[in-house]
Amino acid sequence: MFFLVRFRNKNKDLKALNNRILQQKETIDGALVKLQAANDKLNNVNSLKTGILGIVAHDLKNPFDAINSTINLIKEEDDIDPKELDELLGLIKLSAESAHSIISELNIYAQLENKGNQMINFSSCDVNEIIKTSIFMNKLKAKEKNISIDFEVKPIPRLNIDNDRMIRVFSNLISNAIKFSDRDKIIKIKVKDNQDFVSFEVSDEGMGIPKDLLGSLFEPFSRPRRSGTEGERSTGLGLSIIKKIIDAHNGKIRIKSMEDEGTTFCFTIPKNLQLS
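Anyway, here's the lowdown on the structure attached to this text. (Residues numbered from 1 in each chain as written. Predicted model: local features only at pLDDT ≥ 70, side-chain atom pairs only at ≥ 80, totals over all residues. Heavy atoms only, no water.)

### Brief notes about the overall build of the protein
Of the regular secondary structure elements, the protein holds eight helices and seven strands. For the protein, the residues scored as buried account for 36% of the 276 residues in total. Total accessible area on the protein is roughly 17,500 Å²; 53% of this is exposed by carbon and sulfur atoms. (Helix = DSSP H or I, 4+ residues; strand = E, 2+ residues; numbered from the N terminus. Buried < 20%, exposed > 50% of the residue type's maximum accessible area, 1.4 Å probe, protein only. Areas by Shrake-Rupley, 256 points an atom, 1.4 Å probe, with all protein chains shown as cover.)

Right under this line is the structure:
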């Protein structure tokens, strides 16, 4: 009897010890999950830092170098031809605009990355007016390549969206379409009022996107970053910004593309964001 009681007590102690070990294992497993999440976050921060440094070191350096070289050239010329001066001043303006665009995209991306949905200011907006504004903003770029932008205004309900951010979405998509299209092409913008959402399409007749790049297009600082049909540069942030804005509106975006035929960006905004 003594040995039986002793055995039962030992068995009870072993069960208690086993339970403590299991609890400690669960605690350790939980800590490992948190540690992995923190490590992933750190890796993302490091990737972001590396990407930003790459843009500052390379993309921003180019326009500033061009500005500096052009100014030095003007200073060295004693009797510069007015036509040549006009061309050089145009180069300075173009380089300054390029630098401003890069800084603007970096700023917007950093704000969206840090503050997320807090950066979105919802209000009742006319989508047709947003699209027309975005087309006007890209009018000169399109004119330089003799590209037509085809958009038919249709009756669409007002949506509860961020006016400025959606202008950024359409402006970036139109700018992208111009960048990767040859001269004399057409960009088409379509809007469709569906039962639960409004759908949008921005299509071009450009160079298209290789299949191996489609999966990484919305990643920030994605490589390789392609140049446009006339050497236009890209920060690698434009599409990432677009996706973050559409995600913040509970929307979805996808891409249809064929090399040498063109690309269509399709996205939706749910109507349940509409103001009553």
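### Focus on the sheet that holds strand β2 (residues 148-151)
Strands sit in the order β2-β4-β5-β7-β6 across an open sheet of five strands; the sheet is mixed. Each edge of the sheet is formed by a strand with only one pairing partner; in this case those strands are β2 and β6 (252-258). Averaged over all neighbouring strand pairs, the angle between strand axes comes to 15 degrees, with direction disregarded. Relative to strand β7 (residues 262-270), strand β5 (residues 197-203) runs antiparallel, the two sharing seven bridges. Across the sheet, the residue bridging to S203 is T264, located in β7. Relative to β7, helix α6 (residues 163-179) is tilted by about 170 degrees, and along the sheet it contacts β2, β4 (186-193), β5 and β7. The sheet contacts of helix α8 (residues 238-248) involve β6 and β7, and relative to β6 the element is tilted by about 140 degrees. (Pairing = 2+ DSSP bridges. Axes fitted to C-alpha atoms, helices over the stretch in contact; angles between N-to-C directions. Contact = heavy atoms within 4.5 Å.)

### Considerations on α6
End to end, α6 covers 24 Å across 17 residues, agreeing with the expected 24 Å (1.5 Å per residue, within 8%). Its side-chain oxygen at 3.1 Å from the backbone nitrogen of D164, D162 defines the N-terminal cap of α6. (Expected span 1.5 Å × (residues − 1). Polar contact = N/O pair within 3.5 Å; in protein donor to acceptor, adjacent residues only side chain to side chain.)

### Notes on the pairing of β6
Every second residue of β6 is oriented toward a common face, the buried set being I253, I255 and S257 and the non-buried set K252, R254, K256 and M258. Two successive antiparallel strands, β6 and β7, enclose a turn made up of three residues, where D260 displays a positive phi of approximately 70 degrees.

Distances and angles like these do not, on their own, reveal function.
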